Number of protein chains: 2
Amino acid sequence: MNRKEMGKTKLTAAAITYEHIKTCKQSGARLGRVHTPHGTFETPMFMPVGTMATVKTMSPEDLEKMDAQIILSNTYHLWLRPGEDIIEEAGGLHKFMNWNKPILTDSGGFQVFSLSDLRKITEEGVHFRHHLSGEKLFLTPEKAMQIQHSLGSDIMMAFDECPPYPADFSYMKDSVERTSRWAERCLTEHHQSGKNAKQGLFGIIQGGEHEELRKQSAKDLTSLDFPGYAVGGLSVGEPKDVMNRVLEFTTPLMPADKPRYLMGVGSPDSLIDGAIRGIDMFDCVLPTRIARNGTCMTSAGRLVVRNAKYARDFRPLDENCDCHVCRTYSRAYIRHLIKCEETFGFRLTTYHNLYFLLTLMKQVRQAIMDDRLLDFREQFFEAYGFNKENAKNF
Amino acid sequence: MNRKEMGKTKLTAAAITYEHIKTCKQSGARLGRVHTPHGTFETPMFMPVGTMATVKTMSPEDLEKMDAQIILSNTYHLWLRPGEDIIEEAGGLHKFMNWNKPILTDSGGFQVFSLSDLRKITEEGVHFRHHLSGEKLFLTPEKAMQIQHSLGSDIMMAFDECPPYPADFSYMKDSVERTSRWAERCLTEHHQSGKNAKQGLFGIIQGGEHEELRKQSAKDLTSLDFPGYAVGGLSVGEPKDVMNRVLEFTTPLMPADKPRYLMGVGSPDSLIDGAIRGIDMFDCVLPTRIARNGTCMTSAGRLVVRNAKYARDFRPLDENCDCHVCRTYSRAYIRHLIKCEETFGFRLTTYHNLYFLLTLMKQVRQAIMDDRLLDFREQFFEAYGFNKENAKNF
């Protein structure tokens, strides 16, 4: 990357800005706001996942009602269906799906590695087969940018490799270096295309559990001056303490004046523990996916509402929740719907789970404001059951 | 039935009352209102079907927004899942599903004959096997009443036999006579139980295409003084002109001061043609079922939005529709969702189709008020394509 390009980087970085409000004196967690072309969201924030240009079972009105401030959508999926050209023709993803608040799109990298078959990684990009049709496809850093330009998301992600856990040091070192070179190509493509300069591009720090590699990745990427940075390659099968340890040595390497995003993490404990380690943004399919299996997050821990014991339980999913679902419907009704595979049941559990996590983030922000996030963590973990020995991993 | 029981009948018939507003001078169609324990609905009216205590993909708020004034739910399905005892314990169906407007429940008769296996009809009732579990079950007129008492619907239906089309005269005559005896047992059970006297019980006139049998059925049932009457056994495979002819000789046999309900009919042409023949109420799964297959009702006829030709069509489903879906989403987006089997897509097409039929009924009511329902029929049929030779039968 030459100096001229670097100059362009700085110019457009302003599309996404981070406003720091305060740091929790007890925990070190950050309270802030991220400004984007489609408005501002508060941090720490959880982003519901709308893979196919819809957060499964939810309407945009549902999302607004629960105070979702930013959603994530998946480049890989939209590229394949309906095709980014159709979304561009519709006027971009916001207009296509009727969501006028911020959208973050991933780069497709994670899905290429997790969903596709027969992939082959080269310096140029990744050859792979469509996970449904078997069609041969090729995704490169440049192509990932072009697709995201067509989608018109507020925050784009650089195309990276996300190796599974555990990956050995020498493989991971090669991968990190390639990811850095790809990040540079993403930035070049973004600036040279002249398209959608308002979109902000985040870099992704990889390196698995290896501190040395995380340092190298962070150094490479921060030298490129992205307007925000993500920690990638976590929540891929490693134990929770590994995730926390990696965050402890990685977030201090990330610029304090830019948003920090922990990719693919959405269990209540990890959201709190991530915020404590300086993370501002999270996303995960967990709350929506388990909802469609009849599992709910509640202030007293998880509740598998499809279980027979709820057949005559006329209490709300969560007796301490003030969401529309908990104010209106009983466990017995929701269980009945889910047993009958009625989509309205999935809609109710999805709404509740997203509301629960968004409310949790609100509580986390308030606890940061009050300098008591460690106390809040203790109380929350106790009530949810995370302190129990047999605590489930979400 | 003895005189004492007849007296009771008249007493409780007041739970459901029909208020006649006017008759269309051009067509003979009736404009009115039906008053029930959970409020009033205008007639002619279409009732969305909520088989499993949910109108598939819709929330009660969605239904209110589209001005649904009464919904139908299925006794057979709710008896089997979750069980009427659970719904009674919840405080009744209205409370269970959070719908505070009128509900009509069918008797289970139609489902026993259309869904179950190995059924055996006796004078006492029908032995059959659960359509999912294979469990042996027995449904009688008394049991059908007991279940509907537990559900607490505003309008209950008598347990009847609904023979398929065509059925020969002698079989149909036996069936009609049995249905009359069953209707009497329903009324007796309803009054002797002392439960839910506010619920109104409708009788069902059967007799297939045979005028003599319809006359006999109507005579038997009107002698029992139900607060409303249905025409059953239509829309079971007979040609449309047979349905219209049967209605022409049947509705004049029905009391003018009580609501008249044509069961299982929901195609736009049949709604108009039924109203012209003096029908006040209709129900059908058609609009919701075809919606989940990606087919929409529009002012220009049916539109199969899943078809490839809509991939880049950014117009609304119906350019003349002012529903939320048509004001907000494109054919291209809805097609994308449906191709991806995203439930939000089914929610959008379902909402639109129900809105379309409810709006059609509003237009029918206005046309009756203006004494121009035959003119309206002509215009609507022309625009929808029902006048074409190859018009599809929905």
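Residues numbered from 1 in each chain as written. Chains lettered and ligands numbered in written order. Predicted model: local features only at pLDDT ≥ 70, side-chain atom pairs only at ≥ 80, totals over all residues. Heavy atoms only, no water.

Caption draft 1: Structural context of the overall build of chain A. The helix and strand inventory of chain A stands at 16 helices and 16 strands. Since a compact globule built from 394 residues should have a radius of gyration of about 21 Å, the 21 Å found for chain A is in line with a globular shape. If one aligns the C-alpha atoms of chain A with their principal axes, the spans along those axes are about 65 × 45 × 40 Å. Burial status across chain A gives 62% buried among its 394 residues. For chain A, the proportion of contacts with a sequence separation of at least 24, taken over those separated by at least 6, is 67%. (Helix = DSSP H or I, 4+ residues; strand = E, 2+ residues; numbered from the N terminus. Rg over C-alpha atoms; globule rule 2.2 N^0.38 Å. Buried < 20%, exposed > 50% of the residue type's maximum accessible area, 1.4 Å probe, protein only. Contact = heavy atoms within 4.5 Å.)

Caption draft 2: Spotlight on the sheet that holds strand S3 (residues 39–43) of chain A. Residue and element names in this part refer to chain A. Across the sheet, 3 strands lie side by side as S1-S2-S3; this open sheet has antiparallel pairing. Of all the strands in the sheet, just strand S1 (17–23) and S3 have a single pairing partner and so form its edges. When the angles between neighbouring strand axes are averaged without regard to direction, this sheet yields 15°. Note that strand S2 (residues 30–36) and S3 share 5 bridges and pair antiparallel. Across the sheet, residue Gly-32 finds its bridge partner in S3, namely Thr-43. Here helix H15 (residues 343–369) sits on the sheet in contact with S1, S2 and S3, set at roughly 120° to S2. (Pairing = 2+ DSSP bridges. Axes fitted to C-alpha atoms, helices over the stretch in contact; angles between N-to-C directions.)

Caption draft 3: Representation of the relation of the copies chain A and chain B within the structure. Between the two copies, chain A and chain B, the superposition gives an RMSD of 0.0 Å; the rotation angle is 180° and the shift along the axis is 0.0 Å. The superposition of one copy onto the other is thereby described by a two-fold rotation axis. Proximity to the rotation axis, assessed at the C-alpha, singles out A:Thr343 in chain A; its C-alpha lies 3.5 Å from the axis. (Least-squares fit on C-alpha atoms with pLDDT ≥ 70 in both.)

Caption draft 4: Broad picture of the pattern of salt bridges. This model, assessed by the stated rule, comprises 50 salt bridges over all chains. A single network of salt bridges, built from pairs that share partners, joins A:Glu248, A:Asp273, A:Arg277 and A:Arg377. (Salt bridge = Lys/Arg side-chain N within 4 Å of Asp/Glu carboxyl O.)

Caption draft 5: Local environment of the confidence of the model for chain A. On average, residues of chain A score 93 in pLDDT, and 95% of them are at 70 or above. For this predicted complex, the interface confidence score (ipTM) comes to 0.95, while the overall pTM stands at 0.95. (pLDDT = per-residue confidence, 0-100.)

Caption draft 6: Focus on the pairing of strand S8 (residues 126–129) of chain B. Residues and elements named next belong to chain B. Going residue by residue along S8, you find Val-126 and Phe-128 tucked away on one face and His-127 and Arg-129 left uncovered on the opposite face. As paired elements, strand S7 (residues 117–121) and S8 share 3 bridges and run antiparallel to each other. Looking at the pairing, Lys-120 lines up with His-127 of S8. Where S7 folds back onto S8 in an antiparallel hairpin, the turn is made up of 4 residues. Pairing between S8 and strand S9 (residues 136–139): 4 bridges, direction antiparallel. Its bridge partner being in S9, Arg-129 is matched across the sheet by Lys-136.

Caption draft 7: The arrangement of the sheet that holds S8(B) in detail. Residue and element names in this part refer to chain B. Taking strand neighbours across the sheet as the criterion, the 3 strands line up as S7-S8-S9 in an open arrangement whose pairing is antiparallel. Taken across any chain shown, the strands that pair with only one partner, and hence form the sheet edges, are S7 and S9. Across the sheet, the mean angle from the axis of one strand to that of its neighbour is 20°, orientation sign disregarded.

Caption draft 8: Quick look at the UniProt feature "binding site: Zn(2+)" (unreviewed entry) in chain A. Residues and elements named next belong to chain A. Here, UniProt's "binding site: Zn(2+)" (unreviewed entry) annotation points to Cys-321, Cys-323, Cys-326 and His-352. Their sequence span is 32 residues, while the largest C-alpha to C-alpha distance among them is just 8.7 Å; these annotated residues converge on one region. By the secondary structure assignment, Cys-326 is in helix H13 (residues 324–328). Look at Cys-326 and you get buried, because its relative accessible area is 8%. When neighbours within four sequence positions are excluded, Cys-326 is seen to be in contact with Pro-316, Leu-317, Asp-318, Cys-321 and His-352. Following the sequence through the fold, His-352 ends up in helix H15. Take His-352: its relative accessible area is 0%, and that puts it in the buried class. Those residues in contact with His-352 that sit more than four places away from it in its chain are Cys-296, Met-297, Thr-298, Leu-317, Asp-318, Cys-321, Cys-323, Val-325 and Cys-326. (UniProt positions renumbered as here; feature names shortened; annotations may be inferred.)

Caption draft 9: How the structure looks around helix H14 (residues 331–339) of chain B. For H14(B), a buried count of 8 out of 9 residues is recorded, marking the element as mostly surrounded by other parts of the structure. For H14(B), the full list of buried residues reads B:Arg331, B:Ala332, B:Tyr333, B:Ile334, B:Arg335, B:His336, B:Leu337 and B:Ile338. Turning to H14(B), the residues buried within the fold contact helix H3 (75–80) and helix H5 (93–97) of chain A together with helix H12 (286–291), strand S16 (301–304), helix H13 (324–328) and helix H15 (343–369) of chain B. Looking at the residues trailing H14(B), positive phi occurs at B:Glu341, about 55°.

Caption draft 10: Region of the structure containing the interface of chain A and chain B. Of the residues lining the interface, 36 residues belong to chain A; the matching set on chain B comes to 36 residues. Summing the contributions of chain A and of chain B, the shared interface buries around 3,100 Å²; its carbon and sulfur component is 53%. The residue B:Arg312 makes a salt bridge to A:Asp85 at a minimum N-O spacing of 2.5 Å. Linking chain A to chain B there are 22 residue pairs in polar contact (both at pLDDT 80 or more). Residue assignment for the side of chain A that touches chain B shows that the elements contributing at least two residues are helix H2 (60–65), helix H4 (84–89), H5, H13, helix H14 (331–339) and H15 of chain A. Among the elements that line the side of chain A that touches chain B, the one with the most residues is H14(A), at 5 residues. The residue makeup of the side of chain A that touches chain B, split by class, is 18 nonpolar, 8 polar and 10 charged. (Buried area = accessible area lost by both parts, 1.4 Å probe. Polar contact = N/O pair within 3.5 Å; in protein donor to acceptor, adjacent residues only side chain to side chain. Nonpolar A, V, L, I, M, F, W, Y, C, P; charged D, E, K, R; others polar.)

Caption draft 11: Here's a closer look at the packing of H14(A) against H15(A). Residue and element names in this part refer to chain A. Between H14 and H15, the shortest axis-to-axis distance is 7 Å and the interhelical angle comes to 130°. Comparing the axis directions of H14 and H15 gives the class oblique. Considering only the axes of H14 and H15, their crossing is left-handed. Counted together, Tyr-333, Ile-334, Leu-337 and Ile-338 of H14 and Phe-344, Gly-345, Phe-346, Leu-348 and Thr-349 of H15 form the full contact between these two elements. (Parallel < 35°, antiparallel > 145°, perpendicular 65-115°, else oblique. Left-handed = near helix turned anticlockwise from the far one by under 90°.)

Caption draft 12: View of the environment of A:Gly39. Residues and elements named next belong to chain A. Topologically, Gly-39 is positioned in strand S3. Sequence separation of Gly-39 and Gln-69 is 30 residues, and the distance between their C-alpha atoms is 8.7 Å. Every residue in contact with Gly-39, bar those within four places of it in the chain, is listed here: Val-34 and Pro-102.

Caption draft 13: Structural context of the packing of aromatic side chains. Scanning all chains against the criterion turns up 28 aromatic pairs over all chains. Ring centres 6.1 Å apart and planes at 45° place the aromatic pair A:Phe356 and A:Tyr384 in the tilted group. With A:Phe356 in helix H15 and A:Tyr384 in helix H16 (residues 373–384), this residue pair connects regions lying 28 residues apart in the sequence. Grouping residues by exposure puts A:Phe356 and A:Tyr384 together as buried. For the ring pair B:Phe380 and B:Tyr384, a centre distance of 5.5 Å and an interplane angle of 25° mean the geometry is stacked. Of the two residues, B:Phe380 and B:Tyr384 are both situated in helix H16 (residues 373–384); the distance of 4 residues between them amounts to about one turn of the helix. For the pair formed by B:Phe380 and B:Tyr384, the shared burial category is buried. Among the aromatic residues, those joined into a ring-pair cluster are A:Phe356, A:Phe376, A:Phe380, A:Phe381, A:Tyr384 and A:Phe386. (Phe/Tyr/Trp six-rings, centres within 6.5 Å; stacked < 30°, edge-to-face > 60°.)

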